[in-house]
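Read off the chains here:
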Amino acid sequence: MDKVRVGVIVNTHALKGEVKVKSFSDFSDVRFAKGSKLMIAYRNEYINVRVKSCRESKGLLLVLFDGYEDINLIEKY
């Protein structure tokens, strides 16, 4: 399966597990819609995630993934 880079995690946001994402997609509202399945590339591995919520703030997306609702779970990515 071909992979397409749709964005990059640039930082965490607050304590509830949201991450700041710089989107590379022209269709961010579709790519990061609630329920969308994405993969996070981390240390030569791909971690499957599902978008729980997404909102825009200061030119970046604030994305929360199912199962990662705590900063300690998402911080390493």
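This text goes with the structure placed above it.
These lines cover the structure that appears in this document, whether it is placed above or below.

Comments concerning the packing of aromatic side chains
And then number 1: This structure, assessed with the given rule, holds two aromatic pairs.
And then number 2: Between the aromatic rings of Tyr 42 and Tyr 77, the centroid separation amounts to 4.9 Å while the plane-to-plane angle is 85 degrees, which identifies the pairing as edge-to-face. You can see Tyr 42 sitting in strand E3 (residues 37-42) and its partner Tyr 77 sitting in the segment after helix H2 (71-74), a full 35 residues away along the chain.
And then number 3: Judged by centre distance (6.1 Å) and plane angle (75 degrees), the ring pair of Tyr 68 and Tyr 77 falls under edge-to-face.
And then number 4: Through pairs of rings, three or more aromatic residues link up here, namely Tyr 42, Tyr 68 and Tyr 77.
And then number 5: Directly above the ring of Tyr 46 sits Lys 3, whose terminal nitrogen or CZ lies 4.8 Å from the centroid.

Here's the deal with the sheet that holds strand E5 (residues 60-65)
Through backbone hydrogen bonds, the strands of a sheet pair up, either in parallel or in antiparallel fashion.
And then number 1: What the five strands build is an open sheet, ordered E1-E2-E5-E4-E3; its pairing is antiparallel. Edge positions in the sheet fall to strand E1 (7-13) and E3, since each has one partner strand and no second. Looking at each pair of strands side by side, their axes are set apart by 50 degrees on average, direction ignored.
And then number 2: Sheet topology note: the strand E2 (residues 18-23)/E5 ladder contains three bridges and is antiparallel.

Thresholds applied
- Residues numbered from 1 in each chain as written.
- Predicted model: local features only at pLDDT ≥ 70, side-chain atom pairs only at ≥ 80, totals over all residues.
- Heavy atoms only, no water.
- Phe/Tyr/Trp six-rings, centres within 6.5 Å; stacked < 30°, edge-to-face > 60°.
- Helix = DSSP H or I, 4+ residues; strand = E, 2+ residues; numbered from the N terminus.
- Lys NZ or Arg CZ within 6 Å of the ring centre and 35° of its normal.
- Pairing = 2+ DSSP bridges.
- Axes fitted to C-alpha atoms, helices over the stretch in contact; angles between N-to-C directions.

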